[in-house]
Amino acid sequence: MLFPPRYARWVFAVLMSIYMVTLMTFVITWANTGLAEGFMGRWWRAFYIAWPIAFLLILIGAPQLQKVTAKLIKTPEK
C-alpha cells in the first residue's frame, strides 16, 4: 500500500512513534520490572499509554526540530 505524498508527514509520525515507543517502553519496562511473569501486559500498558503522546509530539515537533537542525548544521563552502 502506497500513500500519496501529502500523507508523508503523517506516515513518518506513525512509523517513527511506533518504532521509538516499542523500543523505549520495552527497555524501560524490562529495566524496571525484569522479564518476570506479566511482562508483556506491563509492556503493552506502557506502550498504549506512550504511543499517542509520542505520535503527537513527533507530528507537532518534527518540522520545528528539522528547522533547528538545519540551522545547527554547517553547510559546506563552495
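Definitions and limits used
- Residues numbered from 1 in each chain as written.
- Predicted model: local features only at pLDDT ≥ 70, side-chain atom pairs only at ≥ 80, totals over all residues.
- Heavy atoms only, no water.
- Phe/Tyr/Trp six-rings, centres within 6.5 Å; stacked < 30°, edge-to-face > 60°.
- Helix = DSSP H or I, 4+ residues; strand = E, 2+ residues; numbered from the N terminus.
- Buried < 20%, exposed > 50% of the residue type's maximum accessible area, 1.4 Å probe, protein only.

Student: Quick question: what am I supposed to make of the packing of aromatic side chains here?
Tutor: Aromatic rings considered in pairs are described by the distance between their centres and by the relative angle of their planes. Following the criterion strictly, the structure yields 8 aromatic pairs and no others. Look at Phe26 and Trp30: their rings are 6.0 Å apart centre to centre, the planes differ by 65°, and that puts the pair in the edge-to-face class. Of this pair, Phe26 and Trp30 both sit in helix H1 (residues 8-33), 4 residues apart, roughly one helical turn. On the basis of relative accessibility, which here comes to 32%, the residue Phe26 falls in the partly exposed class. A ring pair is formed by Phe26 and Phe39, whose centres lie 5.2 Å apart and whose planes are at 80°; its orientation type is edge-to-face. Placement of the pair is Phe26 in helix H1 and Phe39 in helix H2 (residues 39-72), with a sequence separation of 13 residues. Taken together, Trp43, Trp44, Phe47 and Tyr48 form an aromatic cluster joined through their ring pairs.

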